[in-house]
Amino acid sequence: MTAASFIRNIGRRTARLLAVALVAAATTFFLFELLPGSLADAILGEDARPEDIAKLEAELGLDRPVVERFGGWLWQAVQGDLGQSHITGEPVARAIVERLPVSIELMLLAQLVGLAIALPLGIWAGYREGTSVDRAISGGAFATLAIPHFVLGILLILVFAIWLRWLPATGFVPFSTDPIGNLRSMVLPTLTLALVEAPIYLRLLRSDLASTLREEFITVARAKGLSDRQILLQHALRPSSFSMLTVMGINIGHLIGGAVIIETLFALPGIGRLLIEGIIKRDYLVVQGLVLFISVAFVAVNMAVDAVYALIDPRLRHGRTH
Amino acid sequence: MKHDEEAPLLDVSELSVRFPTAGGDLSALDDVSVALGRGTTLGIVGESGSGKSILARTILGLLPRKARITSRHINFAGENLATLGSAAMRPIRGRRIAMVFQDPMTSLNPVRTIGSQLAEGMITHLGVSRAVANRRALDLLKRVGVTAPERRIEQYPHELSGGMRQRVVIAMAIACEPELLIADEPTTALDVTVQAEVLALLRGLQQEQHMAMILITHDLGVAAGYTDEIAVMYAGQIVERAPTRDLLRTPRMPYTQALLGSIPRLDMPAHVRLSVIPGRPTTIYGDVEQCRFAQRCELRTEICLHKKPALSVIDGGRIYRCWNPIVP
Amino acid sequence: MAAPTERSARASIPLLFQARIALPAAWILLVVVLGLASPWLPIPPPNAMDFLAPAEAPSMKHLFGTDLDGRDLFARAVHGARISLFVGLVAPALGLLIGGTLGLLAAYYGGLLRASILGALDLILAFPTLVLALALTSVLGQSMENVTVALGIVSIPAFARIARASALPLLTREFVLAARTAGAGDPYILTREVLPNMLMPLLTYFLTMISVMIVAEGSLSFLGVGIPPPAPSWGGMIAYGREALERAPHVTLIPATVMFLTVLSLNLIGDWVRQRTEAKEGGLS
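Treat the numbers as computed from the prediction; the structure is a model and nothing was measured. (Residues numbered from 1 in each chain as written. Chains lettered and ligands numbered in written order. Predicted model: local features only at pLDDT ≥ 70, side-chain atom pairs only at ≥ 80, totals over all residues.)

**Structural notes on the packing of helix α2 (residues 73-108) of chain C against helix α3 (residues 111-125) of chain C**
Residue and element names in this part refer to chain C.
Logical step 1: In the contact formed by α2 and α3, the axes pass within 8 Å of each other and the chain directions differ by 140°. Classed by the angle they form, the pair α2 and α3 counts as oblique. Crossing hand, α2 versus α3: left-handed. Counted together, L102, L105 and A106 of α2 and L113, R114, I117 and L118 of α3 form the full contact between these two elements.
Logical step 2: Looking at the contact of α2 with α3 residue by residue, the classes come out as six nonpolar, no polar and one charged. (Axes fitted to C-alpha atoms, helices over the stretch in contact; angles between N-to-C directions. Helix = DSSP H or I, 4+ residues; strand = E, 2+ residues; numbered from the N terminus. Parallel < 35°, antiparallel > 145°, perpendicular 65-115°, else oblique. Left-handed = near helix turned anticlockwise from the far one by under 90°. Contact = placed C-beta atoms within 7 Å. Nonpolar A, V, L, I, M, F, W, Y, C, P; charged D, E, K, R; others polar.)

**Quick look at the interface of chain A and chain B**
Logical step 1: Facing the 20 residues of chain A at the interface are 24 residues of chain B.
Logical step 2: Within the residue set of the side of chain A that touches chain B, elements represented by two or more residues are α9 (216-223), α10 (228-240) and α15 (314-317) of chain A.
Logical step 3: Counting residues per element, the side of chain A that touches chain B draws most heavily on α9(A), at six residues.
Logical step 4: Residue classes in the side of chain A that touches chain B are distributed as six nonpolar, six polar and eight charged.

**Thoughts on the confidence of the model for chain C**
Residues and elements named next belong to chain C.
Logical step 1: The share of residues in chain C with pLDDT of 70 or more is 87%, and the mean pLDDT across the chain is 81.
Logical step 2: Per-element confidence in chain C ranges from a low mean pLDDT of 69 for helix α6 (residues 174-181) to a high of 90 for α2.
Logical step 3: This model gives residues 1-10 a pLDDT under 50, and the stretch forms 17 contacts once residues within four places in sequence are excluded. (pLDDT = per-residue confidence, 0-100.)

**Here we look at the pairing of strand β5 (residues 73-76) of chain B**
All names here are of chain B.
Logical step 1: Alternating residues of β5 divide into I74 and F76, all buried, and H73 and N75, none buried.
Logical step 2: Two elements, β5 and strand β6 (residues 79-80), share two bridges in a ladder whose sense is antiparallel. Counted as the bridge partner of F76 is E79 from β6.
Logical step 3: The loop that links β5 with its antiparallel partner β6 comprises two residues; one of these, A77, has a positive phi angle of about 50°. (Buried ≥ 20, exposed ≤ 12 C-beta atoms within 10 Å, placed from the backbone. Pairing = 2+ DSSP bridges.)

**Quick word on the nonpolar core**
Logical step 1: Counting 143 residues, the largest nonpolar core has L275(A), L290(A) and A133(C) as the members making the most contacts within it.
Logical step 2: Here this core spans two domains, since at least three of its residues come from each of domain 1 (3-78) and domain 2 (99-317) of chain A. (Core = buried A, V, L, I, M, F, W, Y, C linked by C-beta atoms within 7 Å. Domains from an automatic or database assignment.)

**Some words on the sheet that holds strand β11 (residues 237-243) of chain B**
Within a beta sheet, neighbouring strands are joined by backbone hydrogen bonds and run either parallel or antiparallel to one another.
All names here are of chain B.
Logical step 1: Strand order in this open sheet of eight strands is β7-β8-β9-β3-β10-β11-β14-β13, and the pairing throughout is mixed. Only two strands of the sheet have a single neighbouring strand rather than two, namely β7 (97-100) and β13 (311-314). Strand after strand, the sheet turns through a mean of 20° between neighbouring axes, direction not considered.
Logical step 2: Across five bridges, strand β8 (residues 180-184) lies against strand β9 (residues 212-217) in parallel orientation. Considered in β9, the bridge of L181 is made with M213.

If you want it as structure tokens, here you go:
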């Protein structure tokens, strides 16, 4: 790609990102307008006194016209103020900054472990397609996929924390305080999340690999006298990983919102848990700010993944698809 | 058979290949015997489904696991390839016997550069370093007539034209200076104008390196111009084999003559319909006690339908299978 | 010549006896029957607490035992089946109806209508699915119906995409052009000519979605933001048993097993259906 077209490309993508972000912001804001009664009503709940409601409404400026409020909210958000918790007064932005590393650590570790599980098993199953090895691996993946995420987590807790007592069931230790403790507390959550994603990666890799191995250039490679190992790793793996990598990219995007279930189950102070707590406590300002952050980050990450995708597949780089 | 003073380089004897399927055992090759000496070219001609590609792949041991292969021997330079396992075949593949496949679009890995695919065989078989292999790759590209080889090395297959790609495939095949080159329909997927160039290239390389070559094609016209001996295949059997000139002048098997008749010629009157062999090639399950071409043969008689024609050998090493050969 | 493929030898076993499809089908049938019949079964009410018998192991009196409040787990599981059935069928049905229609319209019409439909779909897709479901349920309020609606909305884009993808190639085919030349109006063409051919991929996806929705509802209820207690949602039951995981694991494990078996069975059936429809389409094209 020439420099000029590269810049144009980036410019186009950024413009699209901003447009989608704006729309996501609007949706988030107006979604909460759907709450019955006013926002203040919802936050304080049914048994709130009318005076308190009125006071909160005045504080939040709920008497101003909707569009004006949206503008104000958006302007604040762009400056980094995503509102604050009604209950603790803590600014949402600060809470995000504190909790984002936890969610990201979980996401990265889980992707790594998931790949570590899926790659060798997927390659083996694809290489030995149709044999009993393949059936066992595929069957295992299929069964694991049927286990809901939270059930998987509970099972792991049951086995490793309760019966074997090897690992803590819940709780989080920051890396800066105690690296070993941090990793220990992350083992079960990471394993749970990895086991959720690995079967999907495995199946994609396996089926793509099996079909790549049927292609002519693989026979050509065999005719050249290359060993099976060389063929698998140097010829077959790269073209077969696209589906798997695409889904990985999508998952990374999804996990920006924190792995809500895992974080709740293992009491990890991440973004997902913050969201759930906000919803349960009816802290709607927090929820609003968080959803905005999550959706914008989601869209941004998706676009970044698209861009990386183009780098990996040389055919896409030149605009052709065969 | 063309007689060199030395023993033939490749000697395939009584090769049969079957594939078990739900409908029975599919007979892909039946009692096939071919041989060729160093530096000579054997053409294998037949319609699609005749088994010519299977023959090529069997020699290199590239058939799927479920294939049932039986033979007296498949001798290559004295060694019986049929007895060699996968690990023992690997040093031979690409190094001593190389293959050029039909479709250059699908023969190359789309996500790796031309250079890396060229270098790979040399690094594996000759143990040279990456740098040396790259230098040789450049030389190879020049020899096969690829323009701007320095640029091509870094490019990906989809950036080259079909003819260019096939040249690269040929370069890959001769990289380790094989003793035998098997070219399976090397020009079928190419433009007519490029076909002649590629065939000439193959011929030139063969002479330079004193390679034996098996040229597989469905086009008898192509075989006519570039081979020393031709074996005609039908439904998994060799139905006639003779030195090229003899085959063209005095074919014995009606199928061969029909093939000859279907080649368009410049000295034919204009607007004459090309003669076509009626019917389509069949797949044979198990073994049949009849001539496999009988259904489509104009010269068939009763015996053709009830008894498998024996192999007739006439002097000069010609063979044919027919109850009613054409007598010159 | 390519090596021929083998035809499956399984075709000879009568359909019902293939364990791969018979066992899951039997389980689903059991779940459906028990779930539908739950109000009339001779079992204790699902919410009847009995503080004299908390966390009892399975016995003749209580088939699955009791939970921490003495509620009969079998009764709760069976009533929970009803909830799962409802959400599992209605939510994707919503997605299918709305998404399918939108996809069809976006394929058939161009211009502003298509742009706005695609824009609205992109909007839903701008949020990670669970987050969107969470946001919707928190806005709509927690109840079985609202959870169903929220999950249905989240599934709309996928159905729309499938509908549009299968409608687009159909719209250029001759029979549509022929119908239009014969004077048929748009609604007629859409419903009689295009729709029936779109149905198969949509229904296959619907089948896949049933188990996804059951898990999604379970997840929301597990988190405490789905169907509120004391409703016996399987997810809620699993969450509830967590505190007694050490001394009475059956409180969590039994609803977990029921949920797992149901999802597994649905997936197996869906897989089988998909294999059959793909084989059929392969033969036609």
